[in-house]
Each structure stands twice: as C-alpha cells, then as structure tokens.
Amino acid sequence: PWWDRPGEREPHIRAGAEVYRALCASCHGEGGRGDGPAAAALVDERDEPAPPADLTRPLWSSGPAPLDVLRTLTTGLDGTPMPAFADATTPEQR
C-alpha cells in the first residue's frame, strides 16, 4: 500500500488533513487530543458525557490498526456520538 512507500505519502497526508479539518476537528480537536470546540457537549445514548477519543493515545476502543480505523470511520460507534462517515466520504477519504 501507499503508506509503505515514503515517496507516495505526502499527497495522501495533505488530503487526509483536509478531510480531518472538515469532519473531525470540531470534536477531536486540531491536534487530535479530543479537545475540539464541540467536545464538551457530546453525550452518549444514555445522555452521559462522552468525550471524543484522544487520537494521540495508542489505545482506542475500536482498535489501532488501519482496518479498525477504517471500520470506525465507515460505521461509527454505536451508543456514542461518533457518527458513520460512509455517506459523507469516499473510501479513499476514509
């Protein structure tokens, strides 16, 4: 895959940063620490506070592997404010 070839990473990194800023930063924050402007208002299905994941930490509830991340972005996380992005993004963007 492209991420194993350093010379091919840069265009994907730039495109991914644009998608992240547009769809993810409001909750996860510009630096991915879960401190975006919408983070404090997020609640789960029981109306309990549900802060977004700090993406800089190695342990994520859905798993850290690329396929785990792809699944989460595609389907969202039931019971949490993390939405599915299957309809809002292309497979390449996810």
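What you see as residue numbers is a count from 1 along each chain, following the sequence as written. The predicted origin of the model limits local features to residues at a pLDDT of at least 70 and limits the giving and counting of side-chain atom pairs to 80 or more, whereas totals for whole chains, interfaces and linings rest on all residues. As a rule here, side-chain values come from all non-hydrogen atoms in the structure, and water together with hydrogens is ignored.

Student: What should I look at first to understand the packing of aromatic side chains in this one?
Tutor: The criterion for an aromatic pair is that two Phe, Tyr or Trp rings (for Trp, the six-membered ring) have centres within 6.5 Å, with stacked assigned to planes under 30 degrees apart, edge-to-face to planes over 60 apart and tilted to the rest. Following the criterion strictly, the structure yields one aromatic pair and no others. Between Trp2 and Trp3, the ring centres sit 5.4 Å apart and the planes meet at 85°, which makes this aromatic pair edge-to-face. The classification of residues rests on relative accessible area computed with a 1.4 Å probe and restricted to protein chains. Under 20% of the type maximum is buried, over 50% is exposed, and intermediate values are partly exposed. Its relative accessible area of 30% is what places Trp2 among the partly exposed residues. Given the relative accessible area of 41%, Trp3 is considered partly exposed.

Student: In this structure, what is going on with the layout of surface pockets? I would like to understand it.
Tutor: Over the atoms rolls a probe the size of a water molecule, and its path tells where empty space is left. Size it by volume and the largest pocket reaches roughly 1,500 Å³. The rule is simple: put a 1 Å grid over the protein atoms alone, call a set of points where a 1.4 Å probe fits but cannot get out a cavity, call an open set with protein on both sides within 12 Å along at least five of seven lines a pocket, and count a residue as lining if it has an atom within 4 Å of a point. Lining the largest pocket are 44 residues, with Tyr20, Val69, Leu70, Leu73 and Arg94 positioned closest to its centre. For the lining of the largest pocket, the secondary structure elements donating two or more residues are α1 (9–23), α2 (25–28) and α3 (66–75). Residue contributions to the lining of the largest pocket peak at nine residues, all from α1. Partitioning the lining of the largest pocket into residue classes produces 29 nonpolar, 11 polar and four charged. Grid points are joined across faces, edges and corners, and a volume is the space filled by probe spheres set on the points. What counts as a helix is a DSSP run of H or I of at least four residues, what counts as a strand is a run of E of at least two, and both are numbered from the N terminus. All residues other than Ala, Val, Leu, Ile, Met, Phe, Trp, Tyr, Cys, Pro, Asp, Glu, Lys and Arg, Gly among them, are scored as polar; the first ten of these are nonpolar and the last four charged.

Student: What exactly am I supposed to notice about the side chain of Asp44 here?
Tutor: Note on placement: Asp44 falls in the loop between α2 and α3. The term polar contact refers here to a pair of N or O atoms within 3.5 Å; inside protein, the definition further demands a hydrogen-donor-capable atom paired with an acceptor-capable atom, and it admits residues adjacent in sequence only when both atoms are side-chain atoms. Within the local environment of Asp44, its side chain forms a polar contact with the backbone nitrogen of Arg46, the two atoms lying 2.9 Å apart. Residues within four places of Asp44 in sequence aside, it is in contact with Ala50, Gly79 and Pro81. Here a residue-residue contact requires only that any non-hydrogen atoms of the pair lie within 4.5 Å.

Student: Could you clarify how one ought to interpret unusual backbone geometry in this entry?
Tutor: Negative phi characterises most residues that are not glycine, and trans characterises most peptide bonds. Phi is positive for Asp47, close to 70°, though the residue is something other than glycine. For Asp47, the location among the structural elements is in the loop between α2 and α3. By relative accessible area, Asp47 is classed as exposed at 58%.

Student: Where do I start with α3 in this structure?
Tutor: The periodicity of an α-helix, 3.6 residues per turn, causes residues three or four positions apart to be oriented the same way. Taken together, the buried positions of α3 are occupied by Asp68, Thr72 and Leu73. Angular distribution of buried residues about the axis of α3 spans 130°; they occupy a single face of the element. In this structure, α3 carries Pro66 and Leu67 as exposed residues pointing more than 90 degrees from its buried face. The positive-phi residue at the C-terminal boundary of α3 is Gly76, with phi of around 75°. Note: the arc covers the axis-to-C-beta directions of the helix.

Student: Explanation requested: the confidence of the model for the protein chain in the structure shown.
Tutor: Fine structural detail should not be taken from predicted coordinates in areas where pLDDT scores are low. Mean pLDDT over the protein chain works out to 93, with 100% of the residues at or above the 70 mark. For every residue, the pLDDT score states the predictor's confidence, bounded by 0 at the bottom and 100 at the top. Confidence, expressed as mean pLDDT per element, reaches its minimum in the protein chain at α3 with 91 and its maximum at α2 with 98.

Student: Please clarify how the environment of Pro66 should be interpreted in this entry.
Tutor: Turning to its location among the elements, Pro66 is positioned in helix α3. Counting along the chain gives 37 residues from Pro66 to Gly29, while the straight-line C-alpha distance between them is 20 Å.

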